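Structural description and commentary
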Amino acid sequence: MSDGLSWTVTPKSPQYVLQGSDISLTWDYELAPGETTSGFFQIIWAKKEANKWNNLAINSLQSGISILKDKEHISVDRNKKATLIITNVTEVHHALYRCTIDSITSLPSETVELIVLSK
C-alpha cells in the first residue's frame, strides 16, 4: 500500500440485498497531505463474472463518469468519492464487486461480495 493513498471506508463483505431493492456499495479513500488527484486519476468498479473481472463503471478525472455495462441498473453517486449504486437488484447481481483506484500512486483493489436474497 502506498504511503499517501489509502482506503478509509470499504464495504463490509458480504453485503445482503433483497431482490428488487437498491444498494449502494461505498468505498472512500484519503490522499496524503499535499497529494492531489491532478494528472491521471480514475476509479474503476468491476464485477467478477465467469472468473473474469468486467469493468462496470469508471470515474476518470479527465473524462468524468462512464457506465460501461448494465446501464439500467448501475450508476455512480456523484456526491461521494467512490460509491457504486445498483438499482432494482436481480439475481444476476449476486457476485463479487471491486473498486480500484488507478493513478500515479496506485492502491490495491478492495472487494465485496453481494448476496441477493429472494423476496
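Everything in this summary refers to the structure shown in the same document. Note that the structure is a prediction, hence the values are computed from the model and not measured.

The residue after S13, namely P14, is reached through a cis peptide bond having omega 5°. Mapped onto the secondary structure, P14 falls in the loop between β1 (6–9) and β2 (15–18). Within the chain, A50 stands out as a residue other than glycine whose phi angle is a positive 50°. Tracing the backbone through its elements, the reader meets A50 in the loop between β4 (41–49) and β5 (52–60). One non-glycine residue, N51, lies in positive phi territory at about 60°.

The next thing to look at is the packing of aromatic side chains. What the rule picks out here adds up to 1 aromatic pair. Centre to centre, the rings of Y29 and F41 are 5.6 Å apart; their planes meet at 45°, and the pair counts as tilted. On the criterion of sequence distance, the pair formed by Y29 in strand β3 (residues 23–30) and F41 in strand β4 is long-range, its members being 12 residues apart. Judged by relative accessible area, F41 falls into the buried class, the value being 7%.

What counts as what
- Residues numbered from 1 in each chain as written.
- Predicted model: local features only at pLDDT ≥ 70, side-chain atom pairs only at ≥ 80, totals over all residues.
- Heavy atoms only, no water.
- Helix = DSSP H or I, 4+ residues; strand = E, 2+ residues; numbered from the N terminus.
- Phe/Tyr/Trp six-rings, centres within 6.5 Å; stacked < 30°, edge-to-face > 60°.
- Buried < 20%, exposed > 50% of the residue type's maximum accessible area, 1.4 Å probe, protein only.

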